[in-house]
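Reading the structure
Residue-level listing of the chains:
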Amino acid sequence: MVSKSAGAAPELRSYLTGFCLALLLTAIPFGLVAFELLPRTATLIAIFIAAIVQILVHLRYFLHLDFTETPRENLLAIAFAGLLIVIMIGGSLWIMFDLYARMAL
Amino acid sequence: MTLSTATARATEKTAAEEAGFENRAFGFWLYLMSDAVIFALLFATYMVMVGNTAGGPDGKALFSLTNAFAETMLLLCSSITFGFASLALVARQRAAVQIWLLVTFILGAGFIALEIREFTGLVAQGAGPDRSGFLSSFFSLVGTHGLHVSFGLIFLAVMLLQVTLRGLTPQAASRLYRLGLFWHFLDIVWIGIFSIVYLPGVL
């Protein structure tokens, strides 16, 4: 079975695995915030990690991204978009908060 | 084997048609990546503006964790029900495709209903997009996502009608495949929204 336009064949097991993992990765950050189980900084870090992992879970199990079956150009496109996103979000925050800090002096 | 190639085989499309569908899938993928860049900029704007409340209410005063959780669950469930529709499409079960598309539509409409209720509630208590930089960026980010979901609902309704009237044609299968990419993509953007807007806001 060779793929041309996206990832691996959609399978019931793949969707159900993704759904269970996504539920877990949603329940953890919401639970941490609702019951205030951790200090603020630790909670923020946990939310961030859960979000990144859940995005990867969605890409793998719902969008069926796969390093062997997804065509190279689709992977290149998402890698390039990821690079742009990191530069733009990271760069904006760096510049703007540096500016805030300088204005406060 | 992808959805589009699976259905291609089942309906004996010509090679040229199949290449056309593959190109459209790739083109749609590129569109989604550019859309991701737009959302990334809206996220960056929100993160910069989140403290600029101009003396108005902040996230802690405005956001409801319960509402955000309900929206998250509706969207996540609609993602899995769309997955079931995709599986039914590969299995060539027309009735199952229709049912799962309808369920997905209802869940998506529920999400939009909750979002509209939240937005009108905010505006009614004087926390509209004109109140502060924080609220402008909040409405831009979450509103853009809501508009995408609304267009997804129109797309879903059109495809439901098309499958009902014409059956699981190769064209419908190819469009459903792209709609699936769009729908799952919107759920990914929502992960960013609840993780960056609602949870830190309520905290």
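Structure: above.
Below or above, wherever it landed, is the structure these notes cover. Predicted model, so just to flag it, every value in this text is computed and none were measured.

The rules we used
- Residues numbered from 1 in each chain as written.
- Chains lettered and ligands numbered in written order.
- Predicted model: local features only at pLDDT ≥ 70, side-chain atom pairs only at ≥ 80, totals over all residues.
- Heavy atoms only, no water.
- Helix = DSSP H or I, 4+ residues; strand = E, 2+ residues; numbered from the N terminus.
- Buried < 20%, exposed > 50% of the residue type's maximum accessible area, 1.4 Å probe, protein only.
- Areas by Shrake-Rupley, 256 points an atom, 1.4 Å probe, with all protein chains shown as cover.
- Lys, Arg positive; Asp, Glu negative; His and termini not counted.
- Charge placed at Lys NZ, Arg CZ, Asp CG, Glu CD.
- Rg over C-alpha atoms; globule rule 2.2 N^0.38 Å.
- Contact = heavy atoms within 4.5 Å.
- Buried area = accessible area lost by both parts, 1.4 Å probe.
- Polar contact = N/O pair within 3.5 Å; in protein donor to acceptor, adjacent residues only side chain to side chain.
- Expected span 1.5 Å × (residues − 1).
- Core = buried A, V, L, I, M, F, W, Y, C linked by side-chain atoms within 4.5 Å.
- 1 Å grid on protein atoms, 1.4 Å probe; cavity = no way out; pocket = protein on both sides within 12 Å on 5 of 7 lines; lining within 4 Å.
- Points joined across faces, edges and corners; volume = space filled by probe spheres on them.
- Nonpolar A, V, L, I, M, F, W, Y, C, P; charged D, E, K, R; others polar.
- Patch = residues over 30% accessible without salt bridge, like charges linked within 9 Å, V, L, I, M, F, W, Y side chains within 5 Å.
- Salt bridge = Lys/Arg side-chain N within 4 Å of Asp/Glu carboxyl O.

A word on the overall build of chain B
Secondary structure summary: chain B contains seven helices and zero strands in total. Taking the principal axes of its C-alpha atoms as reference, chain B extends roughly 65 × 30 × 25 Å. Here chain B holds 203 residues, and the buried ones make up 59% of them. In the structure as shown, chain B presents an accessible area of about 7700 Å², 68% of it carried by carbon and sulfur atoms. Counting 11 positive and 11 negative side-chain charges, chain B places the averaged centre of each group 8 Å from the other.

A word on the overall build of chain A
Regarding its fold elements, chain A presents three helices and zero strands. Listed by position from the N terminus, the elements making up chain A come as α-α-α. A compact globule built from 105 residues would reach a C-alpha radius of gyration of about 13 Å, whereas chain A, at 18 Å, exceeds it by more than 25%. Principal-axis analysis of the C-alpha atoms places the extent of chain A at approximately 60 × 35 × 15 Å. Every one of the 105 residues in chain A was classed for burial, and the buried ones make up 37%. Within chain A, contacts between residues separated by at least 24 positions form 69% of all contacts whose residues are at least 6 apart in sequence. For chain A, the exposed area adds up to about 6500 Å²; of that, 75% sits on carbon and sulfur atoms. Computing the positive centroid from 6 side-chain charges and the negative centroid from 6, chain A places the two 3 Å apart.

Thoughts on the interface of chain B and chain A
In many reports, interface size means the accessible area that the parts give up when they come together. Contacts between chain B and chain A engage 45 residues on the former and 49 residues on the latter. Buried surface at the junction of chain B and chain A, both sides included, amounts to about 4200 Å², of which 81% is carbon and sulfur. For the pair chain B and chain A, the interface holds four residue pairs in polar contact (both at pLDDT 80 or more). Taken together, the elements giving at least two residues each to the side of chain B that touches chain A come down to helix H1 (3-11), helix H2 (15-49), helix H4 (65-90) and helix H7 (170-202) of chain B.

Here's the deal with the environment of Ala 95 of chain B
Along the chain, Ala 95 of chain B turns up in helix H5 (residues 94-124). Each C-alpha atom, one on Ala 95 of chain B and one on Pro 170 of chain B, is 16 Å from the other, the two residues being 75 residues apart in sequence.

Describing unusual backbone geometry
Residues and elements named next belong to chain A. Non-glycine residue Glu 36 carries a positive phi angle of around 45°. Of note, Glu 36 is situated in the loop between helix H1 (12-35) and helix H2 (40-61). Overall, the relative accessible area of 60% leaves Glu 36 in the exposed class.

Details of H5 of chain B
A rise of 1.5 Å per residue sets the reference length of H5 of chain B, with its 31 residues, at 45 Å; its end C-alpha atoms lie 44 Å apart and thus fit the reference within 8%. Buried residues along H5 of chain B sit against helix H3 (59-62), H4, helix H6 (133-166) and H7 of chain B.

Examining the nonpolar core
One broad rule of soluble globular proteins: the nonpolar side chains tend to lie buried together. Ranked by internal contacts, the top residues of the largest apolar core, which has 74 residues, are Phe 63, Phe 138, Ile 193 and Tyr 198 of chain B. For this core, the secondary structure elements donating two or more residues are H1, H2 and helix H3 (72-104) of chain A together with H2, H4, H5, H6 and H7 of chain B. Among the elements that make up this core, the one with the highest residue count is H7 of chain B (20 residues). Aside from chain neighbours lying at most four places away, what touches Ile 193 of chain B is Phe 43, Leu 141, Val 142, His 145 and Tyr 198 of chain B. The next biggest cluster of nonpolar side chains, apart from the first, holds nine residues, and it includes Tyr 15, Ala 22 and Phe 62 of chain A together with Leu 87 of chain B.

Focus on the layout of surface pockets
One number sums up the size of the largest pocket: a volume of about 1600 Å³. Forming the walls of the largest pocket are 50 residues, and the residues nearest its centre are Ile 52, Ile 55 and Ile 89 of chain A together with Gly 192 and Ile 196 of chain B. Of all the secondary structure elements, the ones that give two or more residues to the lining of the largest pocket are H2 and H3 of chain A together with H2, H3 and H7 of chain B. For the lining of the largest pocket, a count of residues per class yields 39 nonpolar, six polar and five charged.

Structural notes on a nonpolar patch on the surface
Residue and element names in this part refer to chain A. Taken together, the side chains of Trp 94, Ile 95, Met 96, Phe 97, Leu 99, Tyr 100 and Met 103 present a nonpolar region at the surface, about 790 Å² in accessible area. Looking at where Tyr 100 falls in the secondary structure, it is placed in helix H3. The partly exposed category is assigned to Tyr 100, whose relative accessible area is 32%.

By themselves, these figures tell us nothing about what the structure is for.
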